[in-house]
Amino acid sequence: MPAQSLLTATLEQGLNRLLALDPDSADRLAKLHGYRLLVFLEPFRRGLALAFSDKVDVLALEHEHSATVARLGSNECCIKTRLDVLGELSQTSQLTRLIQQGALQVDGELQIAQHASNLFQSLDIDWEEQLSRYTGDVVAHQTFALAAHAKESLLGVLDRINAGVGNALVEEKTLAAHRLAVMHFSDEVDRLRDDVERLDARFSQLQKQLKNT
Amino acid sequence: MSDNPVVSDNSPQANHQADQTHFGFRQVEKSKKASMVAGVFDSVAAKYDLMNDLMSMGIHRLWKRYTIDCSGVRAGHKVLDLAGGTGDLAAKFSRLVGPTGSVTLADINHSMLTVGRNKLRDMGLISNLDYVQADAEALPFPDNSFDLVTMAFGLRNVTEKQNALNSIFRVLKPGGRLLVLEFSKPQSEHLSKLYDMYSFHILPKMGQLVANDAESYQYLAESIRMHPDQETLKGMFETAGFEQCDFHNLTGGIVALHRGFKF
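Residues numbered from 1 in each chain as written. Chains lettered and ligands numbered in written order. Predicted model: local features only at pLDDT ≥ 70, side-chain atom pairs only at ≥ 80, totals over all residues. Heavy atoms only, no water.

The name that an unreviewed UniProt entry assigns to chain B is Ubiquinone/menaquinone biosynthesis C-methyltransferase UbiE, with the source organism given as Alteromonas aestuariivivens. One UniProt comment on chain B, placed under Function (unreviewed entry), says "Methyltransferase required for the conversion of demethylmenaquinol (DMKH2) to menaquinol (MKH2) and the conversion of 2-polyprenyl-6-methoxy-1,4-benzoquinol (DDMQH2) to 2-polyprenyl-3-methyl-6-methoxy-1,4-benzoquinol (DMQH2)." Checking UniProt for chain B, the heading Sequence similarities (unreviewed entry) contains the comment "Belongs to the class I-like SAM-binding methyltransferase superfamily. MenG/UbiE family." (UniProt positions renumbered as here; feature names shortened; annotations may be inferred.)

If you check an unreviewed UniProt entry, chain A appears there as Ubiquinone biosynthesis accessory factor UbiJ from Alteromonas aestuariivivens. UniProt, in the comment section headed Pathway (unreviewed entry), describes chain A in these words: "Cofactor biosynthesis; ubiquinone biosynthesis." Under the Subcellular location (unreviewed entry) heading, UniProt states for chain A: "Cytoplasm".

Here it is as structure tokens:
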């Protein structure tokens, strides 16, 4: 279907364009030469294959997940996950937890997934250098310096607004509690819960004693 | 005894009709069609890619991409790209089959093959590609040679289409598949009318303007109308021996991808 083909074509074009902007990506891509990473993202039924050579080819897979895994070759790795946990995959420390929770399923050669992850996560693109090709060094440098300054100023303004709103809510209007007060309240709640549990245990014990007598 | 005995008609008129085939809307001698088609492609080869992009507004790339998605091609496979023209499919297959596989780009037309070879070499694709000038009706390959045969926008130009399908069946390995991407019959009447207007009025003018050749593009429009529709072509696949045959209409049936397996 052309719509699906348009999606894979756009993705392929985008990935290869990004890789081309990082001169060091060629070495990382070479490690994946001849391998394929198959990706299924729930709730989508059809998966995608990333076939690695001197570039990345993106193909729509013919079969559903179980049939694809049954046909898995030695140079392939199949990943099945959900769209909402995609962001967590970048944290390697979370992978075991995700697998245990069933939010991530990996079949085949795990190294392919690791190398592919490294290929994209290690992308280091000098955007200023890229812009300078079209505008010249001076304009590119000034644009990026201006953008960095604007970002810093914006963050400063956001911090001030945050502090001001927080102060107004806590001190002036007393609509929200101070952080320390919330922590103290939480501690008090914990203590009360412990007391109730202790009392409950004591009652149970007394009930048993009464029954025995 | 048969209820419908076959009557052999050896009259000169019947023999004359058997020797005829269509070239667009015209009837020509079968022996002449191949050279006439060659004339068309010799004329358009240099501007073939540009005209494809203009005529289809780039959608032919998506049709070809869908064909590749349905190919099931893997590293190590042997692929035959028949009527491969300027090598759009072969370029992709070359990367997908890798160094352990091979792609044979075959075309009956030398001009198209030369354009395709030059284009693929310019793309740096050399190691696993072969080029063969071959007639689809009599493929010069041993039996059971290929895992996949593809033919994109080529079958309608073949004189005896059934012979070509038989020949492809022979060279496919058991388990292999054939994919034929070809113009077909639009499924909606409105689309069909719009498509007719585009093909017979705009397309030849476009051909005249860009490739300085209106006739070849008039032939293109006519040859599409003379090509078997989806169901007929599927039946021809089955006659050749293919199994699990199906087709997918693309862009409302303007193009159809037929698929068949050899088991």
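Now that the structure has been shown, the text picks up again.
Residue and element names in this part refer to chain B. Residues given the UniProt feature "binding site: S-adenosyl-L-methionine" (unreviewed entry) here are Thr-86, Asp-107, Asp-135 and Ala-136. Of the annotated set, the members that line the largest cavity are Thr-86. In this structure, Asp-135 sits in the loop between β5 (129-133) and β6 (146-152). For Asp-135, a relative accessible area of 33% translates into the label partly exposed. Relative to the elements of secondary structure, Ala-136 occurs in the loop between β5 and β6. (1 Å grid on protein atoms, 1.4 Å probe; cavity = no way out; pocket = protein on both sides within 12 Å on 5 of 7 lines; lining within 4 Å. Helix = DSSP H or I, 4+ residues; strand = E, 2+ residues; numbered from the N terminus. Buried < 20%, exposed > 50% of the residue type's maximum accessible area, 1.4 Å probe, protein only.)

The subject of this paragraph is the nonpolar core. All names here are of chain B. If you look at the biggest cluster of nonpolar residues, it comprises 44 residues, and the most contacted ones within it are Trp-63, Phe-93, Leu-181, Phe-183 and Val-255. With 6 residues, helix α5 (residues 88-97) is the single largest residue contributor to this core. Once residues within four sequence positions are removed from consideration, Val-255 is found in contact with Trp-63, Phe-153, Leu-181, Glu-182, Phe-183, Ser-184, His-248, Asn-249 and Leu-250. By size, the runner-up hydrophobic cluster in this structure holds 26 residues, among which are Leu-165, Leu-172, Leu-233 and Phe-237. (Core = buried A, V, L, I, M, F, W, Y, C linked by side-chain atoms within 4.5 Å. Contact = heavy atoms within 4.5 Å.)

The next thing to look at is the interface of chain B and chain A. Of the residues lining the interface, 18 residues belong to chain B; the matching set on chain A comes to 23 residues. A buried area of about 1600 Å², summed over both sides, lies between chain B and chain A, and 50% of it is on carbon and sulfur atoms. Summed over the shared surface of chain B and chain A, the result is 7 salt bridges. When the shortest N-O distance is used, the salt bridge between Glu-76 of chain A and Arg-74 of chain B registers 3.5 Å. On the surface where chain B and chain A come into contact, there are 12 residue pairs in polar contact (both at pLDDT 80 or more). At the level of elements, α4 (59-69) and α5 of chain B are the ones that each hand at least two residues to the side of chain B that touches chain A. Ranked by the residues each element gives to the side of chain B that touches chain A, the list is headed by α4 of chain B, at 6 residues. For the side of chain B that touches chain A, the per-class residue count stands at 9 nonpolar, 2 polar and 7 charged. (Buried area = accessible area lost by both parts, 1.4 Å probe. Salt bridge = Lys/Arg side-chain N within 4 Å of Asp/Glu carboxyl O. Polar contact = N/O pair within 3.5 Å; in protein donor to acceptor, adjacent residues only side chain to side chain. Nonpolar A, V, L, I, M, F, W, Y, C, P; charged D, E, K, R; others polar.)

Looking at chain A, the domain boundaries give domain 1 (2-121) and domain 2 (127-212). Once you take the C-alpha centre of each, domain 1 of chain A and domain 2 of chain A turn out to be 35 Å apart. (Domains from an automatic or database assignment.)

Bringing empty space enclosed by the protein into the picture now. Residues and elements named next belong to chain B. Per the stated rule, a full pass over the model turns up 1 cavity of 30 Å³ or more. Size it by volume and the largest cavity reaches roughly 100 Å³. Of all the secondary structure elements, the ones that give two or more residues to the lining of the largest cavity are α3 (48-56), β3 (78-82) and α5. For the lining of the largest cavity, the per-class residue count stands at 6 nonpolar, 4 polar and 3 charged. (Points joined across faces, edges and corners; volume = space filled by probe spheres on them.)

A few words on a negative patch on the surface. All names here are of chain A. Taken together, the side chains of Asp-24, Asp-27, Asp-124, Asp-126, Glu-129 and Asp-137 define an acidic patch exposed on the protein surface. Here Asp-137 shows up in helix α7 (residues 137-172). Assessed through its relative accessible area of 59%, Asp-137 is described here as exposed. (Patch = residues over 30% accessible without salt bridge, like charges linked within 9 Å, V, L, I, M, F, W, Y side chains within 5 Å. Areas by Shrake-Rupley, 256 points an atom, 1.4 Å probe, with all protein chains shown as cover. Lys, Arg positive; Asp, Glu negative; His and termini not counted. Charge placed at Lys NZ, Arg CZ, Asp CG, Glu CD.)

This part covers the packing of aromatic side chains. Residue and element names in this part refer to chain B. Applying the stated rule across the entire model yields 7 aromatic pairs over all chains. Ring geometry for Trp-63 and Phe-183: centres 6.5 Å apart, planes at 85°, overall edge-to-face. Here the residue Trp-63 occupies a position in helix α4, and Phe-183 occupies one in strand β7 (residues 172-183), the gap between them amounting to 120 residues. Accessibility assignment for this pair places Trp-63 and Phe-183 in one class, buried. (Phe/Tyr/Trp six-rings, centres within 6.5 Å; stacked < 30°, edge-to-face > 60°.)

With that settled, consider the sheet that holds β7 of chain B. Through backbone hydrogen bonds, the strands of a sheet pair up, either in parallel or in antiparallel fashion. Residue and element names in this part refer to chain B. With mixed pairing, 7 strands are arranged side by side in an open sheet as β5-β4-β3-β6-β7-β9-β8. Either end of the sheet is taken by a strand with one partner, and the two such strands are β5 and β8 (243-250). Looking at each pair of strands side by side, their axes are set apart by 15° on average, direction ignored. Direction of pairing for β8 relative to strand β9 (residues 255-261): antiparallel, over a ladder of 6 bridges. (Pairing = 2+ DSSP bridges. Axes fitted to C-alpha atoms, helices over the stretch in contact; angles between N-to-C directions.)

With that settled, the discussion passes to the confidence of the model for chain B. Overall, the predicted model of chain B reaches an average pLDDT of 84, with 86% of residues at or above 70. Ignoring residues within four places in sequence, the model shows residues 1-9 of chain B, a span with pLDDT below 50, making 2 contacts including any to other chains. (pLDDT = per-residue confidence, 0-100.)

Residues and elements named next belong to chain A. Taken as a whole, the largest pocket holds about 1100 Å³ of empty space. Forming the boundary of the largest pocket are 33 residues, of which Leu-37, Val-39, Ile-79, Leu-86 and Leu-89 lie nearest the centre. Every element with two or more residues in the lining of the largest pocket is listed here: α1 (2-21), β1 (36-42), β2 (48-52), β4 (76-82), α4 (95-100), β5 (104-108) and α5 (110-121). When residues in the lining of the largest pocket are grouped by element, the largest group, 7 residues, is from α5. Tallied by class, the residues present in the lining of the largest pocket amount to 23 nonpolar, 9 polar and 1 charged.

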